[in-house]
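The chain contents come next:
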Amino acid sequence: MPLEAGLLEILACPACHAPLKEASRNDQEAELICTGKDCGLAYPVRDDIPVLLVDEARRPA
């Protein structure tokens, strides 16, 4: 289920404060990806709740 547009507009990467964009790794796993130039962390979305913890984020490949 996609996040509400209003919520996505106010969320920012906790590491670099850049905006986040919604993406999905597959049909089951959604995530928010940092659009920052040097960051690129991917934060999981669990039960429609973004987990914006740097320790939980996936590093870019």
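Before reading on, note that the structure itself is shown above.
So, a few notes on the structure that sits alongside this text.

## Side note on the sheet that holds strand E1 (residues 20-24)
Point 1. Strand order in the open sheet formed by four strands is E1-E2-E3-E4, with antiparallel pairing between adjacent strands. Pairing within the sheet leaves two strands with one partner each, and these edge strands are E1 and strand E4 (49-50).
Point 2. Bridge count between strand E3 (residues 42-46) and E4: two bridges; the pairing is antiparallel. Looking at the pairing, valine 45 lines up with proline 50 of E4.

## As for the pattern of salt bridges
Point 1. Inspection of every chain in the model, using the stated rule, returns two salt bridges.
Point 2. Here glutamate 31 and arginine 58 are joined by a salt bridge, their closest N and O atoms 2.6 Å apart. Taken as a pair, glutamate 31 in strand E2 (residues 30-34) and arginine 58 in the segment after E4 lie far apart in primary sequence, 27 residues in all.
Point 3. Given the relative accessible area of 6%, glutamate 31 is considered buried.
Point 4. According to the relative accessible area criterion, arginine 58 is partly exposed, its value standing at 32%.
Point 5. Across the pair arginine 46 and glutamate 56 runs a salt bridge, and its minimum N-O distance is 2.9 Å. Taken as a pair, arginine 46 in strand E3 and glutamate 56 in the segment after E4 lie far apart in primary sequence, 10 residues in all.

## Concerning the pairing of E2
Point 1. Of all five residues in E2, four are buried, a share of seventy percent or more.
Point 2. Bridging between E1 and E2 involves five bridges; their strand directions are antiparallel. The residue bridging lysine 21 from the neighbouring strand is isoleucine 33, located in E2.
Point 3. Here E1 hands over to E2 after five residues, the two strands then running antiparallel side by side.
Point 4. Sheet topology places E2 next to E3; four bridges connect them, and they run antiparallel. Bridge pairing in E3 places glutamate 31 opposite proline 44.

## Side note on unusual backbone geometry
Point 1. Phi at histidine 17 takes a positive value of approximately 70°, unusual for a residue other than glycine.
Point 2. Within the element layout of this structure, histidine 17 appears in the loop between helix H1 (5-10) and E1.
Point 3. A relative accessible area of 63% places histidine 17 in the exposed class.

Rules used throughout
Residues numbered from 1 in each chain as written. Predicted model: local features only at pLDDT ≥ 70, side-chain atom pairs only at ≥ 80, totals over all residues. Heavy atoms only, no water. Pairing = 2+ DSSP bridges. Helix = DSSP H or I, 4+ residues; strand = E, 2+ residues; numbered from the N terminus. Salt bridge = Lys/Arg side-chain N within 4 Å of Asp/Glu carboxyl O. Buried < 20%, exposed > 50% of the residue type's maximum accessible area, 1.4 Å probe, protein only.

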